[in-house]
Amino acid sequence: MTFRHGYKSFFRKPENVILVCLITILIYLILVPLFSIVNDTFRVHSSELMRIKGTAAGDFTTYHWKSIFAGKYSKNIFYQPLFNTLWISITTCFIAICMGGGFAWLVTRTDIRYKKLISSLFILPYIMPSWTLAMAWLNFFKNERVGAPGLFTAFTGIQIADWFAYGFFPITIVLGLHYAPFAYILIGGILRNMDANLEEAAQILKTGRWRIIRKITIPIVLPAMLSTVLLVFSSAMSAFAVPAFLGTPVRFQVLTTQLFRTLNGTSPGYGYLIALVMIVIGAIILLTNQMLIGKRKSFATVTGKSSNISLVNLKKFRTILSIVVLIWLLLITIVPLITFAIQSFQISSGSFKAENFTTLFWLGEGRPDVLSGEPGILRNKYIYIGLWNSVRLSVLISLLAGTAGLLVGYSVVKKRGSLWANTLDRLSFFPYLLPSMAFGAIYLSMFAVRRGFIPSLYGSFAILVLIGSVKYLPFASRAGINAIFQLGKEIEEAAVIFGVSWWKRMVKIIIPIQRASVLSGFLLPFISSMRELSLFILLVTPSTKVLTTMLFQYNEKGWDQYANAIILFIVLVVVLLNAIVNKVTGASIDKGIGD
Amino acid sequence: MPEIKIKNVTKKFGKFVAVENLNITIADKWFVTLLGPSGCGKTTTLRMISGLESPTEGEIYIDDILVFSSEKGVDLPPAKRDVGFLFQNYALWPHMTVDQNISFGLENLKWSKSDITNRVHELTELLKIDEFLDRYPAELSGGQQQRVAIARTLAPRPKVFFMDEPLSNLDAKLRMEMRTELKRLHRETNSTFVYVTHDQLEAMTLSSRICLMKEGRVQQYAAPLEVYNVPSNKFSAEFVGNPTMNFVEVECQQAGSGNIQLAADDLLFTFTPVSHPPSLKTGQKLVLGLRPECIRLSEEGTVQGSIYSALPSGMETTVIVKIKTTLFTSVVFGGQDFPVDGEIGIQLDHDNYILFDKGSGENIAAGSLTVSIREAGT
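Counting starts from 1 at the beginning of each chain's written sequence and moves along it residue by residue. Think of it this way: whatever chain is written first is A, whatever ligand is written first is 1, and the rest follow in order. This being a predicted model, a pLDDT of at least 70 is required before a residue's local features are given, and a value of 80 or more before pairs of side-chain atoms are given or counted; all residues contribute to the totals for chains, interfaces and linings. In computing side-chain properties, one takes all heavy atoms of the structure into account and sets aside hydrogens as well as water.

> How should I be thinking about the interface of chain B and chain A in this particular structure?
Where interface size is given, it is often the accessible area lost as the parts come together that is meant. The contact rule is simple, with two residues in contact once any of their heavy atoms fall within 4.5 Å. Of the residues lining the interface, 32 residues belong to chain B; the matching set on chain A comes to 25 residues. Accessible-area loss on putting two parts together, using a 1.4 Å probe and summing over both, is the definition of buried area adopted here. Buried area between chain B and chain A, both sides added, is near 2500 Å², and the carbon and sulfur share of it is 61%. Counting the surface chain B buries against chain A, the share from its top three residues, Asn89(B), Pro94(B) and His95(B), is 23%. Salt bridge, as used here: a side-chain nitrogen of Lys or Arg that lies within 4 Å of a carboxyl oxygen of Asp or Glu. Across the contact surface, chain B and chain A share 3 salt bridges. In this structure, Arg47(B) engages Glu200(A) in a salt bridge whose closest nitrogen and oxygen atoms are separated by 2.8 Å. For this analysis, a polar contact is any N or O atom pair within 3.5 Å, provided that within protein one partner can donate a hydrogen and the other can accept it, and provided that sequence-adjacent residues contribute only side-chain to side-chain pairs. The interface formed by chain B and chain A includes 10 residue pairs in polar contact (both at pLDDT 80 or more). Secondary structure elements follow DSSP: runs of H or I of four or more residues count as helices, runs of E of two or more count as strands, with numbering from the N terminus. Among the elements that make up the side of chain B that touches chain A, the one with the highest residue count is helix α2 (residues 98-108) of chain B (4 residues). In the scheme used here, Gly and all other residues not listed as nonpolar or charged are polar, with Ala, Val, Leu, Ile, Met, Phe, Trp, Tyr, Cys and Pro taken as nonpolar and Asp, Glu, Lys and Arg as charged. Classifying every residue of the side of chain B that touches chain A gives 18 nonpolar, 9 polar and 5 charged.

Spelled out as structure tokens, the structure:
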């Protein structure tokens, strides 16, 4: 009786129902696939029958493990790409933290001019797809290795060396610039919330400016900085498009490009194993981060409100520095977009003669002598199918992930501290640490065949929606937890006392009050999936192509003009949408991340 | 010896004037309290003297050294002003132990290791926190954090010691205790204290001078008891004292050289100034101020009323008496209770009732009072 009674009263509370449902679903969508992929690393796949002699497809084998870790070609297949990946991630972290942290300090702590403009320009590279800058780099600096030279050579006549145009150097620069806004948002948030009195107290005690930064500011910001390092590291590790664009011409391989090659080629077993390695690295990072965040609590500033911050006076450097910063930001945000526009109007790149300019790639019906007679993108029905797929996919993902995120937020905050809540909290954050492409590989392995009541999903649109929703749940659930947490429980309890139903409480009280945070929980998945490539690339089929995967294919074929036109298109859609939502609701992409 | 002179200091934040034309002198070894409601400019004033904020106009001298002048373009950074500053939220560095927090300032001054250790021990013993040297701020209670912050501020022996609402985050009991110790500290350190608070009781009990501010302007700058007994205006009178002074709006009926007749809604007063008679016009709107302790309850009072409410605290009882439609607050010492709605009269036998001008709020005169019921039609 008592058990039944307890059971009944447990499920009478909506937060408990949500907890149990979401945990069950997420276990199925996140943890079960992990086992499936481990299993796949020990199986013989049909395309591998030629090499693994005397076996049938589905047999148990240790072939993949042996040849990846201790085979003749291990160095080329695995160790060199692993080393490249780690080295790229570390350097990217360094660049992102220095730039993002530096800018955050300038904007929050000094009297630099144009703060608002700097802030919104600086966020742009993060809102744009990461390969925007990679493409721009190619537009500028590509050399004869891939056909026509880039703008730089066209203007100056100077030949660009391979190391500068392709491989490690541009990859780290581009990824560093892409993730710098992330560091900017995280570190800037801490700097802004950090009690200015802590620095003033040191100032009064005759501490020099450098010593204040070294002994007070940095140690206090350090936990947030470490967190940023880990998140940037794992993001850089799972980047695919940038190394694919910039590394391929010189055969510079990283784990993700290797994963793509093997899974798309004849050695899926290798691919699954590489994905597993990436997941393990991701999990180690998650654990490290959790430990650091746990410690951070003791760092929480003790009491009281923060007073108005007195800003560092840059004196005579103020104007010069402001202008230099602004020019730099224009170089990495607006100028790339201009190059896309220019390239998309040129028949052959690098030539600026009038007859070389054409609207063919936008409006043309297609000329058989240029790029296989593909029509211009504004008349191309495949582009419209891709666009429709992208928008449809992003809307569905945003609705699913956003709603789930809000529910996660509600139930986790309501049951804060309980085992169930902690489980859901971690589970919903876990997809963040799964490298996108490895996650795609997991779903490929898991849903290629019928599983229980779920039919084989490979090639369907549903699998894209599913994977996108799970992958972006972390953004949405962070925003949801934030929204409910800030609200405090009294506001809802006041309605409970009046006997208002749960549904009404959510729709009439909680969501309207926290509209901005809630909306950013929907906005983030939308924008992320609009520009996503590596998550979908293993799972799309000709009928489910989205804009980004089309772009990748055009780029692979060397149809730069189409690629440039599409990227311009995507960037404009994403940036415009972000601006509109920001204007209308006050929600913005930086809100969800900068919690 | 450090004397702080503030001359014609104005501070604007954009269009908002936080402090307007401030002129005060703080003598050596004084304990000056900047008192006022929130937003009155007291914290801004303190931050300007310490150098954390730059005034828009004016001059500031500490110890006869010009530390700020808008005209001469002088603006010494806080480090060069030889001051100590205790923040409202203590601003202890969360990543340093108590020991490191206190020694930090001394290391900046390049003190030797042994000197630092001695000074830290001296202070931690004085403030009774010597057992917490290796703890982090988050591991201390509010009161202990407060002491660490005081020790950190005092360590380099600043000439002047600024405090910004240091007790506002403590509970009532601890606040009482710290008040006692701050006063001892002032005596023992022999330095000048400038203290910001919105708590009139703290200002009254601690300071040698109160600087009462409102909307960026000084209302009164005087010793606490003077502020209490001779408030310069109605704001001063109302802000200082608990329970608050009673105010009765009256109209001057007859202004003579001797007694002045004042009429309230249903009460009549005769006011006899103790000093020179003020010049009043008949029909002038005035406010009469009566301190609660100057209203005596008695069975055979000149006017009779009923007890509206009684709040006994043990040591004293605050009694609110209703006479006709006017409420008077009175304080009776000793543990007495009064039945609500019981009959009681009041007697006004002091000579420090104060007459304010209603329009300007200025203190016009102090004097003695008699009260009677105003009959209908008079």
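> What am I meant to see in the sheet that holds strand β4 (residues 57-62) of chain B here?
Two strands in a sheet stick together by hydrogen bonds in their backbones, pointing the same way (parallel) or opposite ways (antiparallel). All names here are of chain B. Taken in spatial order, the 5 strands line up as β2-β1-β4-β5-β6 in an open sheet, and their pairing is antiparallel. Strands with a single pairing partner mark the edges of an open sheet, and in this sheet they are β2 (16-26) and β6 (74-75). Orientation is described by axes fitted as lines to C-alpha atoms, over the contacting stretch for helices, and by angles from 0 to 180 degrees between their N-to-C directions. Sheet strands in contact with helix α1 (residues 42-50) are β1 (4-13), β2 and β4, and its direction is about 120° off that of β1. Following DSSP output, two strands are said to pair if at least two bridges run between them.

> For this particular structure, what's the right way to read the sheet that holds strand β22 (residues 363-373) of chain B?
Residue and element names in this part refer to chain B. Strand order in the closed barrel formed by 6 strands is β12-β13-β14-β22-β21-β15, with antiparallel pairing between adjacent strands. Geometrically, the sheet is characterised by an average inter-axis angle of 45° between neighbouring strands, direction not taken into account. Here 6 bridges tie strand β12 (residues 246-255) to strand β15 (residues 285-290), and the two strands are oriented antiparallel to one another. Among the inter-strand pairings, Val-248 is bridged to a residue of β15, identified as Leu-288.

> Teacher, can you tell me more about the packing of aromatic side chains here?
Each aromatic pair joins two rings of Phe, Tyr and Trp (for Trp, the six-membered one) with centres within 6.5 Å, and gets the label stacked for planes under 30 degrees apart, edge-to-face for over 60, and tilted for any other angle. In total, this model carries 36 aromatic pairs over all chains according to the counting rule given. By way of ring pairs, the aromatic residues Trp137(A), Phe140(A), Phe141(A), Phe152(A), Trp163(A), Phe164(A) and Phe169(A) are connected into one cluster. Geometrically, a charge over a ring is one whose NZ (Lys) or CZ (Arg) sits within 6 Å of the ring centre while staying within 35 degrees of the ring normal. Against the face of Tyr61(B) rests Lys5(B), its NZ or CZ located 5.6 Å from the ring centre. The aromatic ring of Trp30(B) is capped on one face by Arg209(B), whose charged end is 4.0 Å from the ring centroid.

> Sorry if this is basic, but what is going on with the pattern of salt bridges here?
Side chains that carry opposite charge are capable of pairing whenever their charged atoms lie near each other. Residue and element names in this part refer to chain B. Using the criterion set out here, one finds 23 salt bridges over all chains in the structure. Of the charged contacts, one joins Arg-47 and Glu-53 as a salt bridge, the two residues approaching to 3.1 Å between their closest N and O atoms. The partner of Glu-251 in a salt bridge is Lys-285, with the nearest N and O atoms 3.3 Å apart. Taken together, the residues Glu-251 in strand β12 and Lys-285 in strand β15 connect sequence positions 34 residues apart. A relative accessible area of 33% places Glu-251 in the partly exposed class. The exposure class of Lys-285 is partly exposed, given its relative accessible area of 47%. Relative accessible area decides the class of each residue, using a 1.4 Å probe on protein chains only: under 20% of the type maximum gives buried, over 50% gives exposed, and in between gives partly exposed.

> Help me understand the state of the cysteines, please; the structure alone is not making it clear to me.
By definition, a disulfide links the sulfur atoms of two cysteines through a covalent bond. Residues and elements named next belong to chain B. Cysteine sulfur pairs qualify as disulfides if the two atoms are within 2.5 Å. Scanning all chains against the criterion turns up 0 disulfides over all chains. Here Cys-40 is not disulfide-linked; the sulfur of Cys-211 is the nearest cysteine sulfur, at 8.7 Å. Accessibility expressed as a relative area gives 1% for Cys-40, which makes it buried.

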